[in-house]
Amino acid sequence: MRNAADYGLEAVEPRFRFRALMTRVNDIIRAIEPADSVERYTGLGVDVRLGFARIVDPWTVEIDGGERLTTRSIVIAAGGEPRVPDIPGLEEAGYLTSDTMWETLSGYDELPRRIVIVGGGPIGTEMAQAFARLGAEVTQVEHGPRILPREDEEVSAQITQVLRAEGVTVLTGHEAIRCEGKALITRSGEQERRVAFDEIIVAVGRNARLTGYGLEELGIPTERTVVTNDYLETLYPNIFAAGDVAGPYEFTHFAAHQAWYAAVNALFGTFRKFRVDYSVLPWVTYTEPEVAHVGLSEATAKEAGTAYEIVRYELAHLDRALTESASRGFVKLLVQPGNDRILGATIVAHNAGETLAEFVLAMKHGLGLNKVLGTIHAYPTMAEANKYAAGEWKKAHKPERILRWLERYHSWRRG
Ligand SMILES: Cc1cc2nc3c(=O)[nH]c(=O)nc-3n(C[C@H](O)[C@H](O)[C@H](O)COP(=O)(O)OP(=O)(O)OC[C@H]3O[C@@H](n4cnc5c(N)ncnc54)[C@H](O)[C@@H]3O)c2cc1C
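None of these values were measured; they are calculated from a predicted model. In every chain, residue numbers begin from 1 and rise along the written sequence. It should be noted that, the model being predicted, local features are given only for residues of pLDDT at least 70 and side-chain atom pairs only at 80 or more, the latter also being counted only at that level, while totals for whole chains, interfaces and linings use all residues. Heavy atoms throughout the structure, all of them, feed into the side-chain values; hydrogens and water do not.

**Some details on the overall build of the chain**
Item 1. To qualify as a helix, a DSSP run of H or I must reach at least 4 residues; to qualify as a strand, a run of E must reach at least 2; elements of each kind are numbered from the N terminus. Per the secondary structure count, the chain includes 14 helices and 20 strands.
Item 2. With the C-alpha coordinates of the chain rotated into their principal frame, the extents come out at 95 × 60 × 45 Å.
Item 3. Relative accessibility under 20% of the residue-type maximum defines a buried residue, over 50% an exposed one, and the middle range a partly exposed one, all with a 1.4 Å probe and only protein chains included. Buried residues in the chain amount to 40% of all 415 residues.
Item 4. Expressed as a percentage of contacts within the chain between residues at least 6 apart in sequence, the contacts between residues at least 24 apart total 57%.
Item 5. Positive charges are assigned to Lys and Arg, negative charges to Asp and Glu, while His and the chain termini are left out of the count. A single reference atom marks each charge: NZ on Lys, CZ on Arg, CG on Asp, CD on Glu. In the chain, 46 positive and 57 negative side-chain charges are present, and the distance between their average locations comes to 7 Å. Whether two residues are in contact is decided by their heavy atoms, any of which lying within 4.5 Å being enough.

**Description of the site of the ligand**
Item 1. Each residue is tested against the molecule or strand, and it is near if at least one of its non-hydrogen atoms lies within 4 Å. The ligand sits among 20 residues. The nearest are Ala53, Asp244, Glu250, Phe251 and Thr252.
Item 2. Throughout this description, a polar contact denotes any pair of N or O atoms lying within 3.5 Å of each other; where both atoms belong to protein, one of them has to be capable of donating a hydrogen while the other can accept it, and for residues adjacent in sequence the pair is counted only when both atoms sit in side chains. Ala53 has a polar backbone atom sitting 2.8 Å from a nitrogen atom of the ligand.
Item 3. Looking at the shell around the ligand, the element that brings in the most residues is helix 8 (residues 252-268), giving 3 residues.
Item 4. Of the residues in the shell around the ligand, the class split is 9 nonpolar, 7 polar and 4 charged. Three residue categories are used. Nonpolar comprises Ala, Val, Leu, Ile, Met, Phe, Trp, Tyr, Cys and Pro, charged comprises Asp, Glu, Lys and Arg, and polar comprises the others, including Gly.

**Some remarks on the nonpolar core**
Item 1. Think of a nonpolar core as a cluster: buried Ala, Val, Leu, Ile, Met, Phe, Trp, Tyr and Cys residues, connected wherever their side-chain atoms sit within 4.5 Å. In this structure, Val294, Val331, Leu333, Phe359 and Leu369 are the most contacted members of the largest nonpolar core, which totals 29 residues.
Item 2. When residues of this core are traced back to their parent elements, those giving at least two are strand 17 (290-295), strand 18 (309-314), strand 19 (330-335), strand 20 (342-349), helix 11 (352-364), helix 12 (369-373) and helix 13 (384-396).
Item 3. Here this core gets 6 residues from one element, more than from any other, and that element is helix 11.
Item 4. What Val331 contacts, discounting residues up to four positions off in sequence, is Val311, Arg312, Tyr313, Thr346, Ile347, Phe359, Ala385, Asn386 and Ala389.
Item 5. One finds Met22, Ile115, Met127 and Phe330 within the second-largest nonpolar core, a separate group that totals 25 residues.

**What about the pairing of strand 2 (residues 60-63)?**
Item 1. Both faces of strand 2 are covered, namely the face carrying Thr60 and Glu62 and the face carrying Val61 and Ile63.
Item 2. Being paired, for any two strands, means DSSP has found at least two bridges between them. Pairing analysis gives 4 bridges linking strand 1 (residues 53-57) to strand 2, with the strands arranged antiparallel. Looking across to strand 2, one finds that Asp57 is bridged to Thr60.
Item 3. Two successive antiparallel strands, strand 1 and strand 2, enclose a turn made up of 2 residues.
Item 4. As defined by bridge partners, strand 2 adjoins strand 3 (residues 68-70) across 3 bridges and the pair is classed as antiparallel. Residue Thr60 lies in a different strand from strand 3, and its bridge partner there is Thr70.

**Concerning the side chain of Thr287**
Item 1. Mapped onto the elements, Thr287 comes out in the loop between strand 16 (282-285) and strand 17.
Item 2. Among the residues examined, Thr287 registers a relative accessible area of 4% and is labelled buried.
Item 3. A distance of 2.8 Å separates the side chain of Thr287 from the backbone oxygen of Pro289, its partner in a polar contact.
Item 4. Residue contacts for Thr287: discarding those within four places in its chain leaves Thr125, Glu126, Gln129 and Ile159.

**Digging into a nonpolar patch on the surface**
Item 1. Surface patches are defined over residues having more than 30% relative accessible area and no salt bridge, joining like charges when they lie within 9 Å and nonpolar side chains (Val, Leu, Ile, Met, Phe, Trp, Tyr) when within 5 Å. Note on areas: Shrake-Rupley, 1.4 Å probe, and residue coverage restricted to the protein chains presented here. Within this document, salt bridges are pairs made up of a side-chain nitrogen of Lys or Arg and a carboxyl oxygen of Asp or Glu, the two lying within 4 Å of each other. Together, Ile402, Leu403, Trp405, Leu406, Tyr409 and Trp412 make up an exposed nonpolar region whose accessible area comes to about 650 Å².
Item 2. Mapping Ile402 onto the fold places it in helix 14 (residues 400-414).

**Observations regarding unusual backbone geometry**
Item 1. Residue Gly247 is joined to Pro248 through a cis peptide bond whose omega torsion reads 0°.
Item 2. Within the element layout of this structure, Pro248 appears in the loop between strand 15 (239-241) and helix 8.
Item 3. Despite not being glycine, Leu232 has its phi angle at roughly 70°, a positive value.
Item 4. Secondary-structure assignment places Leu232 in the loop between helix 7 (215-218) and strand 15.
Item 5. Classification of Leu232 as buried rests on a relative accessible area of 0%.
Item 6. One non-glycine residue, Asn351, lies in positive phi territory at about 55°.
Item 7. For Asn351, the position within the fold is in the loop between strand 20 and helix 11.

Written out as structure tokens, the structure reads:
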């Protein structure tokens, strides 16, 4: 609504009731919930018990200190919980996390006016933008040199610029050192800064749940997560781990991917075991524009010593992006030198998560950029950016000798 003028409409400051907005959020959560409900899983043939599980020996799980179930295999899928940094005064100030925030905010009539978000990862960044767009004064504090550190530097830079343009105070290189009442004191070098807030949201990452349900007693090794091998087996070959508790990534689709391996290896491991394939893992950060990524980034390619070429296509040239007034962003590909194999893709764009799917499919099934280029993409769509990126690669590798020869041939034909 604020950007309505971009579309030839009159820009207006949105008016809304915060409660109505949170009602919508909660309605959507309720609409999604049945997919993960006890009823659905019972219907699928799962014997679902609600209670606290503790592994008492490698073949026995105890529920709420009472009933004991015996089993051939166990899958640990205990997830994680928000990490809360040791910031003096934080407890007294009262903080929210991505777990508690929804319920607390649902009880408010108004959006808190001043919000501090500690953490520059995807959750902190998504929240910073969302709250700023709803009209809060948002300060995002990140101790590292940039937000979204898993992405390439230019991505972090672009999203930082977008957030700043929308009014978020992004403080990178700032350590959150203490709270004084309802104010956070940050330090950058020698400089201290005081940021007053009505709510402080801690989003500095999540810890795998590793204690209190039997891992220690059984001596199952844990580091940042439960230690597993390539088959997701723990120290005990019949005890598997999957999802946030197993890592190394924390995504719903990653948890589901691992769950397949854990379940299949548990059921059929005697005959054949499957090694988890992590090679083509997409993820999306739901800012606007979205950041969608799969495979290698420049940083991970350098780390792994993998040679790569970069191909870029700017959305500023894409018809659909221009018609949508959504032309900030790009498609960036890492390609294997000497052939058209896609090693990684990053898309910064409106709905980038949808557009990325083509590269995820291509990478998973070994389709190179020639195949993307040879595919008809409907005009005008955002997905055409993928084809044009493939076209950029082709242009950089055009067969100069043959083209020169063809040029001579056609000028000869013209006479
Ligand atoms: C704010 C936020 C936004 C996110 N956004 C995205 C996103 O956009 N896309 C995405 O892919 N991922 C996202 N994630 C990550 C995603 O939610 C997790 O990766 C995913 O939920 C992991 O699934 P899981 O089954 O491993 O763990 P969880 O979903 O955490 O489930 C673990 C369950 O085990 C239960 N449990 C733990 N211990 C015991 C015990 N001893 N006995 C019985 N039960 C136990 C817990 O109560 C919990 O219900 C987001 C996470 C957060 C916090």
